[in-house]
Every structure is written in C-alpha cells, then in structure tokens.
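Okay, here's what each chain looks like letter by letter:
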Amino acid sequence: MELRQLQYFVTVAQHGSFTRAAQLLHLSQPGVSSQIRQLERELGHPLFDRSGRTVRLTPVGEAVLPHARAALAAAAAARRTAQEFGGLRRGHVRLGMVAGAALTPPAELGTFPGLATTLAAFRQEHPGIDFSLTEDTTARMLDALRDGRLDLAVVGLPAPASGREGDDGWSALTGLALHTVLEVPLVAACASGHPLAAGTGPGSADSPGSGSDSGSGAGPGVPGVPGADRSALPVAELAGHALVSTPRGTGLRTALECALAEAGVDPAVGVEAAAPPQLAELAAHGLGVAVLPNPGPLPGLRVRPLTGPVPRVRIALTWPTGQPASPPTAALVAHLRRAYPGPAAAQAPAPVQAPAGTAAPSAMCSSAAAPSSTSRSSGK
C-alpha cells in the first residue's frame, strides 16, 4: 500500500469521478484507475461501485476512507516535523492563485506591491524556500487546500463570504482561515451599440452636455467606479440579455449569480472566459454583457455601475486551520499579510485561526477598493 494510492483513492471519493480526479492530480485516467485497482486487490475488496453513471463508494470504501485521510494527514505531519529541524533554511510552499491575481490597486487608492514583487522579496529573505504556483478556480483551490495539495491560496469570493458557520456567500470556507486583501464592486460592460449601453439618468452618456465618449466607455464618472456612466443599471435589467462571465466555481461568477437571484433574474451566461480582461474584450466585440470589476477605458466598451443589489467580490488569502502550517508556509502567510494589510475600513474581526508563527488575521472588510486598470485582480 502506497501513499500515492491512498491520495488517488481520497481524490476519486471526493469528486465521484476517475476522470476528474486524474485531471486534478495531473495524471492519466487509466493510471489512476490502475493504482486504485491495485489497492483494491491488496485490501481484498472493491472500494468503488462503478456500475452507475457516477462512481460511488462501496461500504468497504466508506469504512476505509477516514483511515486513508488520516494516513495522508500523518504523512504530511511527518514532512512538516522534518522541515522544522531545518527551520526556514529550506522548504517548499504550494501556492494557488486565481487568474490575474496581481493584487495591485490604482494609484489613487494607495500602493502596495504586486504578487511577483512580494514573492521575490520573500525569496530574498529565505533563499532556501521554493514555490510551486498553480492557477485554478476558487472552488477547486478550496478543495486542494483541504486535500493537502495546496498550502495557501489567493482566491476570489463573493463579498458576503466570511468563513463563519451559516455564511451565505460561500459555505465551503468552513475550516479555512481568511484574510481579505481587497474588495471591489462589479460593473456591467457592453459594446457601445448594445441596448444596455445608454444610461437614462441625469449625467448619463445620452444626457445633453454629458460629454461622454461612447467609444471609450469613459462616462462622466461615478465615485468608486472610474470611467463608468452616472446612470446605474439595475441588476434586474440584465434579464433577457446574454451575459459574459467566468466559469462556475469562481468567486466572480458566484457573486453575479447571487445578485441575479436576489433580483429575481435567472442567469443566462452565454460566453465564459478565464479572466476579466478577456471578459471585457469579448463584451467590446458584442458577445454579451460582461459583469466584472471595472475594466477602465477600452475602445468600443461602455461601462455602467450595477445596483439593486451591487454585486461585490473580494480577493483573499486563505489556508487550512485544521492543523499547524509548516514553518515555510507560516512565514509566507505572515509576509503576505504584511504586504497586503487589507482595506482600511474594517468590520469586527471574524473568528479565524492563523497558522503557527503568524499574528491573528486582520478584520474582514466591506469597503470598496477598485482594481488597477493595468493589472487587475480577477475575483475568480
């Protein structure tokens, strides 16, 4: 019995699919199936019922699963203990991030370094610590944090998400610590000839003397949404229009769907793309209405703030709380939290647990911080 076989078994059990498990493990599906069949032969019982459309655990598989998870956790603890003898002279941190997580705000909101700059500074302090960076959706990274395949992640979440029990933003945060980096409102962006491009309120693009350039998308301005028309667009008016968004499992898509549900609108996402810059470009070419953090001026694109409700997404650092973090991971968490202290106006702190060797996470925050027009956080 090998640890890798137990890891394959746990991953298939969690996702109910050999194909999905192989994708997450970066292996071939036949390879995963072969290793699990070898494990089943050694145990003398089938672990999965493969007769239906989905793979389900057998009673033996149900009984073995907690032991497999415990064995993997014990192996991870052994690795961490060995690392501690080397202190921070050497080590490895597996960091996940959403696409476009540069974490750089616009100059008018103050400055802090981009993610690459921050990692480079950490590496100068700890030259023996290596990184592996993985780009994925938030939902899959949350699974990877729980499975022990990631140590730390930069994720995008709908703004209500806090990690507290009963959270209505993203219930899957239970068991994970959360440190908010920044929070942004989402806007609607569409081609200048789209029916939703024209604002109707005072100071909108179509009002006399507004001075708006329909090609640039830079309207007379709305506080907190640079380049947007003054006339806000009710979320309910997105009904019946093709939308452009990130895939399911991303924070941006979840924030959009929550806002649509609150407004009583069924989502009609016709085009999906990985990151906000792609969404803006697709919208500018007439493929639908993109809902995303403000993209700034783009030829042929009209930007309008959303209301009723205002969907918001946050970028956050998150890590598991079930067991102590390795010294390299704890050191990197502390370094990132110093570099990204979070929005200035904070609410009461959420009850989260920091990795060993770090201070308590900063308070959760609901204040807006618009992303940079040149290097944007994606909110995936």
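Parameters at a glance
Residues numbered from 1 in each chain as written. Predicted model: local features only at pLDDT ≥ 70, side-chain atom pairs only at ≥ 80, totals over all residues. Heavy atoms only, no water. Helix = DSSP H or I, 4+ residues; strand = E, 2+ residues; numbered from the N terminus. Buried < 20%, exposed > 50% of the residue type's maximum accessible area, 1.4 Å probe, protein only. Areas by Shrake-Rupley, 256 points an atom, 1.4 Å probe, with all protein chains shown as cover. Phe/Tyr/Trp six-rings, centres within 6.5 Å; stacked < 30°, edge-to-face > 60°. Core = buried A, V, L, I, M, F, W, Y, C linked by side-chain atoms within 4.5 Å. Contact = heavy atoms within 4.5 Å. Pairing = 2+ DSSP bridges. Axes fitted to C-alpha atoms, helices over the stretch in contact; angles between N-to-C directions. Parallel < 35°, antiparallel > 145°, perpendicular 65-115°, else oblique. Nonpolar A, V, L, I, M, F, W, Y, C, P; charged D, E, K, R; others polar. 1 Å grid on protein atoms, 1.4 Å probe; cavity = no way out; pocket = protein on both sides within 12 Å on 5 of 7 lines; lining within 4 Å. Points joined across faces, edges and corners; volume = space filled by probe spheres on them. Salt bridge = Lys/Arg side-chain N within 4 Å of Asp/Glu carboxyl O. pLDDT = per-residue confidence, 0-100. Polar contact = N/O pair within 3.5 Å; in protein donor to acceptor, adjacent residues only side chain to side chain.

Colleague: Before we move on, can you summarise the overall build of the protein chain with the specific residues and values?
Modeller: Along the backbone of the protein chain there are 9 helices and 12 strands. Within the protein chain, buried positions represent 51% of all 380 residues. As displayed, the protein chain has an accessible area near 16400 Å², and 55% of this comes from carbon and sulfur atoms.

Colleague: Before we move on, could you go through the environment of Pro324 and cite the residues and values that matter?
Modeller: With respect to the helices and strands, Pro324 occurs in the loop between β12 (312-320) and α9 (327-339). Put simply, Pro324 and Arg80 are 244 residues apart on the chain and 9.0 Å apart in space, counted from C-alpha to C-alpha.

Colleague: Any chance you could break down the environment of Glu125 for me, citing the residues and the numbers?
Modeller: Mapped onto the fold, Glu125 is located in helix α5 (residues 115-125). Residue Glu125 is classed as partly exposed on the basis of its relative accessible area of 48%. Remark: the alpha-carbon pair of Glu125 and Arg89, spanning 36 residues in sequence, is separated by 9.9 Å.

Colleague: Can you explain helix α6 (residues 138-147)? Please cite residues and give values.
Modeller: Note: α-helices contain 3.6 residues per turn, so residues at a spacing of three or four share the same orientation. Listed in full, the buried residues belonging to α6 are Thr138, Met141, Leu142, Ala144, Leu145 and Asp147. Just downstream of α6, Gly148 is the residue with a positive phi angle, here 85 degrees.

Colleague: How would you sum up the packing of aromatic side chains? Please name residues and give values.
Modeller: Applying the stated criterion across every chain yields a total of 3 aromatic pairs. Where Phe18 meets Phe48, the ring centres are 5.6 Å apart and the plane angle is 70 degrees; that geometry is what we call edge-to-face. Of this pair, Phe18 sits in helix α2 (residues 18-25) while Phe48 sits in strand β1 (residues 48-49), and the two are 30 residues apart along the sequence. Both residues of the pair, Phe18 and Phe48, count as buried. Ring pairing ties together the aromatic residues Phe9, Phe18 and Phe48, which thus form one cluster.

Colleague: Any chance you could break down the nonpolar core for me, citing the residues and the numbers?
Modeller: Ranked by internal contacts, the top residues of the largest apolar core, which has 53 residues, are Leu152, Leu238 and Leu292. Of the residues forming this core, the biggest block, 9 residues, is contributed by strand β6 (residues 176-191). Excluding residues within four positions of it along the chain, Leu152 makes contact with Arg94, Leu95, Gly96, Leu145, Leu317, Thr318, Trp319, Leu332, Val333 and Leu336. Ranked by size, the runner-up nonpolar core spans 19 residues in total, among them Phe9, Leu25, Leu39 and Leu72.

Colleague: How would you explain the pairing of strand β11 (residues 301-307) if you had to name every residue and give the values?
Modeller: Among the 7 residues of β11, 6 are classified as buried, and the element is accordingly described as predominantly covered. Where β6 and β11 come together, 5 bridges link them in antiparallel fashion. Bridge pairing links Ala189 to Val303 in β11. Pairing analysis gives 2 bridges linking strand β7 (residues 233-234) to β11, with the strands arranged parallel. The residue bridging Leu233 from the neighbouring strand is Leu306, located in β11.

Colleague: So what's going on with the packing of helix α1 (residues 3-15) against helix α3 (residues 29-43)? Which residues, and what values?
Modeller: Contact geometry for α1 and α3: axes closest at 9 Å, N-to-C directions at 110 degrees. Judged on the interaxial angle alone, α3 and α1 are roughly perpendicular. On the side of α1, the interface is formed by Arg4, Gln5, Leu6, Tyr8, Phe9 and Val12, while α3 contributes Val32, Gln35, Ile36, Gln38, Leu39 and Glu42. Looking at side-chain class alone, the contact of α1 with α3 contains 7 nonpolar, 3 polar and 2 charged residues.

Colleague: Can you tell me about unusual backbone geometry, naming the residues and giving the values?
Modeller: Note: most residues except glycine have negative phi, and most peptide bonds are trans. Cis geometry is found at the peptide bond from Gly308 to Pro309, where omega equals 0 degrees. Tracing the sequence through the fold places Pro309 in the loop between β11 and β12. With phi around 60 degrees, His26 is a residue other than glycine that occupies positive phi space. As for its position among the elements, His26 is in the loop between α2 and α3.

Colleague: Give me the lowdown on the layout of surface pockets, citing residues and values where you can.
Modeller: Rolled over the atoms, a probe with the dimensions of a water molecule shows which regions are left empty. Approximately 1200 Å³ is the volume found for the largest pocket. Along its surface, the largest pocket is lined by 48 residues, and Arg94, Asp147, Gly148, Arg149 and Leu150 are the ones closest to its centre. Along the lines of polarity and charge, the residues of the lining of the largest pocket split into 19 nonpolar, 16 polar and 13 charged.

Colleague: Any details on the pattern of salt bridges? Residues and values, ideally.
Modeller: Per the stated rule, a full pass over the model turns up 12 salt bridges. Linking Arg312 and Glu183 is a salt bridge whose minimum nitrogen-to-oxygen distance equals 3.2 Å. Of this pair, Arg312 sits in strand β12 while Glu183 sits in strand β6; the two residues are 129 residues apart in sequence, bridging distant segments of the chain. The class of Arg312 is partly exposed, set by a relative accessible area of 21%.

Colleague: Before we move on, could you go through the confidence of the model for the protein chain and cite the residues and values that matter?
Modeller: Segments scoring low in pLDDT should not have their predicted coordinates read at a detailed level. Per-residue pLDDT for the protein chain averages 75, and the proportion of residues at 70 or more is 73%. Across residues 200-229, where pLDDT falls below 50, the model places 71 contacts with residues more than four positions away in sequence or in other chains. Segment residues 344-379: pLDDT under 50, and 111 contacts once partners within four positions in sequence are set aside and those in other chains are kept.

Colleague: Any details on the side chain of Ser326? Residues and values, ideally.
Modeller: Among the structural elements, Ser326 can be located in the loop between β12 and α9. Here the side chain of Ser326 touches Thr329 through a polar contact of 3.0 Å, side chain to side chain.

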